[in-house]
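Architecture at a glance
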Amino acid sequence: MGKILSNTDRSINQTDFTTIRDRLFYLVQFGTALRSGIPSKMLVDEFNRAKQLQEGIFQIRVWDHKKVEFFGPARVTLKEEDFVFLSNYISYVSPKLPSKGSDSMLGVTKQL
């Protein structure tokens, strides 16, 4: 995956996209113990508004989820390494994908 993200001119095929997307789901879903729908509902704008809680720790607030009326936004807390990986995905991989009208950060509605 490092080769894919480090070469910004490289085209992205379906295998590349799926590999990167699955790693991102793993980082967000299992690394943060959130409800299953939250990673797929996270938006690029929400990522861009992330706050640094302390050195090396970032938090993204996700508003579109099942229990928002009870608990407010879901708080996705990531280590800096994972946050940078997501940032690189948004900057270098996501723009190369055909859009189907979704602002979903992980591009779940995008297919090559």
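My aim in this report is to walk through the structure given alongside it, one point at a time. Positions within a chain are numbered from 1, following the residues in the order the chain's sequence is written. Only residues with pLDDT of at least 70 get local features here, since the model is predicted, and only at 80 or more are side-chain atom pairs given and counted; chain-wide, interface and lining totals rely on the full set of residues. Hydrogens and water are ignored here; the side-chain numbers use all heavy atoms of the structure.

Things to note about the overall build of the chain
So the rule is basically this: Helix and strand definitions here come from DSSP, where helices need a minimum of 4 consecutive H or I residues and strands a minimum of 2 consecutive E residues; each element is numbered from the N-terminal end. Note on classification: 1.4 Å probe, protein chains only; a residue is buried when its accessible area is under 20% of the maximum for its type, exposed when over 50%, partly exposed between these limits. Every residue pair with non-hydrogen atoms within 4.5 Å of one another is taken to be in contact. Here the open area of atoms and residues is found with the Shrake-Rupley method and a 1.4 Å probe, where only the protein chains shown may cover a residue.
For the chain, the helix and strand inventory stands at six helices and three strands. N-terminal to C-terminal, the α/β element order of the chain is α-α-α-α-β-β-α-β-α. The buried share among the 112 residues of the chain stands at 39%. Pairs at least 24 apart in sequence give 48% of the contacts found in the chain among residues at least 6 apart. Accessible area of the chain: about 6,700 Å², with a carbon and sulfur share of 49%.

Examining the sheet that holds strand β3 (residues 74–79)
How we decide: In short, DSSP must find at least two bridges between two strands for them to pair. Throughout, an axis means a line fitted to C-alpha atoms (over the contacting stretch in the case of helices), and angles, computed between N-to-C directions, take values from 0 to 180 degrees.
An order of β1-β2-β3 is seen for the three strands of this open sheet, with the pairing classed as antiparallel. On the outer flanks of this sheet lie β1 (51–54) and β3, each paired with one strand and no other. Direction aside, the axes of adjacent strands within the sheet are offset by 35 degrees on average. The sheet contact formed by β1 and strand β2 (residues 57–62) spans three bridges and is antiparallel.

Quick look at a positive patch on the surface
Basically, it comes down to this: Only residues above 30% relative accessible area that lack a salt bridge enter a patch, with like-charged residues linked at up to 9 Å and the nonpolar side chains Val, Leu, Ile, Met, Phe, Trp and Tyr linked at up to 5 Å. Should a side-chain nitrogen of Lys or Arg be within 4 Å of a carboxyl oxygen of Asp or Glu, the pair is scored as a salt bridge. Counted charges follow a simple rule, with Lys and Arg positive, Asp and Glu negative, and His plus the chain ends left uncounted. For this purpose, a charge sits on NZ of Lys, CZ of Arg, CG of Asp or CD of Glu.
A contiguous patch of positive charge on the surface is contributed by R49, K51, R61 and R75. Residue position: R49 is located in the loop between α4 (44–48) and β1. With a relative accessible area of 53%, R49 lands in the exposed category.

Notes on the pattern of salt bridges
For the coordinates displayed, the defined rule picks out one salt bridge. For R21, the salt bridge is made with D22, and the minimal N-O distance between the two is 3.0 Å.

Digging into the nonpolar core
Our working definition: Definition of nonpolar core: a set of buried residues of the types Ala, Val, Leu, Ile, Met, Phe, Trp, Tyr and Cys, connected through side-chain atoms within 4.5 Å.
The biggest cluster of nonpolar side chains holds 21 residues, and the ones touching the most others in it are L24, I60, V62, V76 and Y89. Ranked by residues supplied to this core, first place goes to helix α6 (residues 80–93) with six residues. With residues up to four places along the chain from it excluded, the contact list for V62 reads I38, K41, M42, E46, P73, A74 and V76.

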